[in-house]
Every structure is written in structure tokens, then in C-alpha cells.
Amino acid sequence: MWNYEKRLQYPVNITQTNPQIAQVIISQFGGPDGELAASMRYLSQRYTMPYKEVSGLLTDIGTEELAHLEMVSTIVYQLTKDLTPEEIKASGFDKYYVDHTLALWPQAAGGIPFNACEFQSKGDPITDLFEDLAAEQKARSTYDNILRLVKDPEVADPIRFLRAREIVHFQRFGEGLRIVQDQLDSKNFYAANPAFDCR
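Colleague: Even after reading the chapter, I still don't get the nonpolar core, so can you show me in this structure?
Modeller: Nonpolar side chains in soluble globular proteins generally cluster together in the buried interior. I25, I75, L79, V150, V155, I159 and L162 are the most contacted members of the largest nonpolar core, which has 28 residues in total. Top contributing element to this core by residue count: helix α4 (residues 52-80), with six residues. Other than its neighbours up to four places away in sequence, I159 contacts I25, I75, Y143, I146 and L147. The next biggest cluster of nonpolar side chains, apart from the first, holds 16 residues, and it includes L58, I61, I126 and F173.

This is the structure in C-alpha cells:
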């Protein structure tokens with residue numbers, strides 16, 4: 001179904017390592033509001049979405065989130081590439097290094113490993129789209145927090161791109177919610193699950 005284009009959606013070219021910043025940015029790989037959870041959330045929800053255009057939207061955005069996962073992984077990799085043991089110890093990256101060396105592994109900035117409980121797929125179109133809207137806002141907030149801490153333009157530039165895409169995704173999920181709401185017989189959107197409860 002997918003065609004893989006062998007380039008990043010937005011270029012990442014970091015010339016200076018910085019394991020301290022890598023420890024912050026890794027949260028957008030495997031943290032509670034990161035790209036791994038986003039891609040799995042949307043690609044899972046699409047199966048029970050009863051409206052083709054919204055299912056297509058979930059597929060489109062879920063696929064783009066995989067591209068963002070690749071960008072975040074590239075940022076972390078470039079920030080930690082070829083670190084010496086002395087640099088690893090001095091930066092506090094040693095705890096991660098002990099378990100993963102310099103390989104990419106999904107975890108939050110606080111060290112909590114990724115868990116599928118980070119995202120929800122409920123099978124109720126209204127519930128799932130509100131989950132998606134909230135997820136995009138939480139990811140945008142996380143990127144805002146990262147940008148408050150990161151001043152290196154080589155790192156901040158792709159992070160700003162990723163932040164901007166969260167805003168676009170939020171808007172597109174709002175459009176998807178409108179499509180679902182317009183299909184309902186009742187405008188009381190919270191009384192019934194349109195996927196199961198036909199009234």
C-alpha cells in the first residue's frame with residue numbers, strides 16, 4: 001500500500017552532537033505524545049471509521065506521522081552519533097547508553113518506555129476524533145517545550161517544521177469531525193455511537 005521515498009520529509013543536518021538535547025527530543029519518538037503513538041493511533045482507528053473520507057484522512061496523517069518518526073529518529077541519531085564514553089558520562093546519557101548503546105529505542109524524555117497505552121482506538125468516530133484532536137495539541141505543546149530548550153538552529157529548524165505539521169493535522173481532524181457530525185441524524189453528538197447505535 002505504501003511507497004517509501006528514500007528521503008526525509010524535511011532535511012535534518014546536525015553537525016554538532018548534543019546528547020543532553022537528544023534526551024529531550026527522544027520523547028517525540030516514544031513519549032506519551034510522540035510520533036510513534038500518533039502513527040499507531042491513526043492507522044489503527046481507520047478500520048472502524050464508517051466514513052471513507054475520514055478513514056482516508058486517518059491513513060494520510062498516520063502515514064505522515066511515520067515520516068515524522070523517521071525525522072525525530074534522525075535528529076536523535078545525529079545528536080548522539082560517535083559520542084565518546086567521556087561525553088556520554090558527562091552529559092548524563094550513560095543510563096540510556098547502558099541499555100541501548102547509541103541505538104534508537106522509544107522512550108519518553110523521563111526514561112519511561114513506550115507503551116501502547118499511550119494511545120486509544122475506541123471504534124467510536126466522535127471519541128476517536130476528539131482523541132486525535134487532543135493528541136495533535138499535546139504534540140504541538142511538546143514541540144513548543146522543546147523549542148524553549150533548544151537554541152541550536154540545526155536542531156530547532158526541523159523541530160519547527162514538525163510543530164507546524166501538528167497544527168495542520170489538528171485542522172484536518174477538525175474537518176474530519178465536521179464530516180462525521182454532518183452525517184449524524186441527531187446533532188446531540190454525545191448520545192449515541194454512530195458506528196453501532198443506529199437511532
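Colleague: Looking at this structure, I do not really get the packing of α4 against helix α8 (residues 153-183). What am I missing?
Modeller: The axes of two packed helices give the description: the angle between them and the distance between them. The interhelical angle for the contact between α4 and α8, taken along N-to-C directions, is 165°, at an axis separation of 11 Å. As judged from the angle between their axes, α4 and α8 are roughly antiparallel. You can see that α4 and α8 cross each other, and the crossing is left-handed. Counted by class, the contact of α4 with α8 contains 16 nonpolar, three polar and seven charged residues.

Colleague: For this particular structure, what's the right way to read helix α7 (residues 125-149)?
Modeller: With 25 residues, α7 should cover 36 Å at 1.5 Å per step; its first-to-last C-alpha distance of 36 Å lies within 8% of that length. The distance from a side-chain oxygen at the start of α7 to the backbone nitrogen of I126 is 3.0 Å, and the residue carrying that oxygen is D124.

Colleague: Is there a simple way to explain the packing of aromatic side chains in this structure?
Modeller: The description of an aromatic ring pair uses the distance of the two centres, along with the angle that the planes make with each other. Using the criterion set out here, one finds three aromatic pairs in the structure. Summarising the aromatic geometry, the rings of Y10 and F161 are spaced 4.6 Å apart at their centres and angled 15° between planes, so their arrangement reads as stacked. Highlighted residues: Y10 in the segment before α1 (19-25) and F161 in helix α8, separated in sequence by 151 residues.

Colleague: Sorry, what's going on with empty space enclosed by the protein here?
Modeller: By rolling a water-sized probe across the atoms, one finds the places where empty space is left. All told, the structure shown has two cavities of 30 Å³ or more when counted by the stated rule. A volume near 40 Å³ is recorded for the largest cavity. D33, G34, E35, A38, R41, Y42, E65, A135, E136, A139 and E166 together form the lining of the largest cavity. Among the elements that line the lining of the largest cavity, the one with the most residues is helix α3 (residues 35-45), at four residues. Here the residues of the lining of the largest cavity sort into four nonpolar, one polar and six charged. Of the volumes computed, that of the second largest cavity is approximately 30 Å³. If you trace the second largest cavity, you find it lined by I26, V76, T80, F93, Y96, L102, A103 and L104. Looking at the lining of the second largest cavity residue by residue, the class counts come to seven nonpolar, one polar and no charged.

Colleague: I would appreciate a short explanation of the pattern of salt bridges in the present structure.
Modeller: For side chains bearing opposite charge, pairing can occur when the charged atoms are close. Within this structure, the stated rule accounts for eight salt bridges. A cluster of three or more residues bridged by salt bridges with shared partners is formed by R140, D144 and R163.

Colleague: Help me out: how do you make sense of unusual backbone geometry in this one?
Modeller: What you tend to see is this: most non-glycine residues have negative phi, and most peptide bonds are trans. At D82, a residue that is not glycine, the phi angle is positive and equals roughly 60°. Looking at the element boundaries, D82 is found in the loop between α4 and α5 (85-91). Among the residues examined, D82 registers a relative accessible area of 63% and is labelled exposed. Backbone geometry at T101 places phi at a positive 55°, although glycine is not the residue there. Checked against the element boundaries, T101 lands in the loop between α6 (94-100) and α7.

Colleague: Hey, could you run me through the layout of surface pockets in this one?
Modeller: In this structure, the largest pocket spans a volume of roughly 360 Å³. Around the largest pocket, the lining residues are W2, N3, Y4, E5, R7, L8, Q9, T63, E64, L66, A67 and E70.

About the cut-offs
Residues numbered from 1 in each chain as written. Predicted model: local features only at pLDDT ≥ 70, side-chain atom pairs only at ≥ 80, totals over all residues. Heavy atoms only, no water. Core = buried A, V, L, I, M, F, W, Y, C linked by side-chain atoms within 4.5 Å. Buried < 20%, exposed > 50% of the residue type's maximum accessible area, 1.4 Å probe, protein only. Helix = DSSP H or I, 4+ residues; strand = E, 2+ residues; numbered from the N terminus. Contact = heavy atoms within 4.5 Å. Axes fitted to C-alpha atoms, helices over the stretch in contact; angles between N-to-C directions. Parallel < 35°, antiparallel > 145°, perpendicular 65-115°, else oblique. Left-handed = near helix turned anticlockwise from the far one by under 90°. Nonpolar A, V, L, I, M, F, W, Y, C, P; charged D, E, K, R; others polar. Expected span 1.5 Å × (residues − 1). Polar contact = N/O pair within 3.5 Å; in protein donor to acceptor, adjacent residues only side chain to side chain. Phe/Tyr/Trp six-rings, centres within 6.5 Å; stacked < 30°, edge-to-face > 60°. 1 Å grid on protein atoms, 1.4 Å probe; cavity = no way out; pocket = protein on both sides within 12 Å on 5 of 7 lines; lining within 4 Å. Points joined across faces, edges and corners; volume = space filled by probe spheres on them. Salt bridge = Lys/Arg side-chain N within 4 Å of Asp/Glu carboxyl O.

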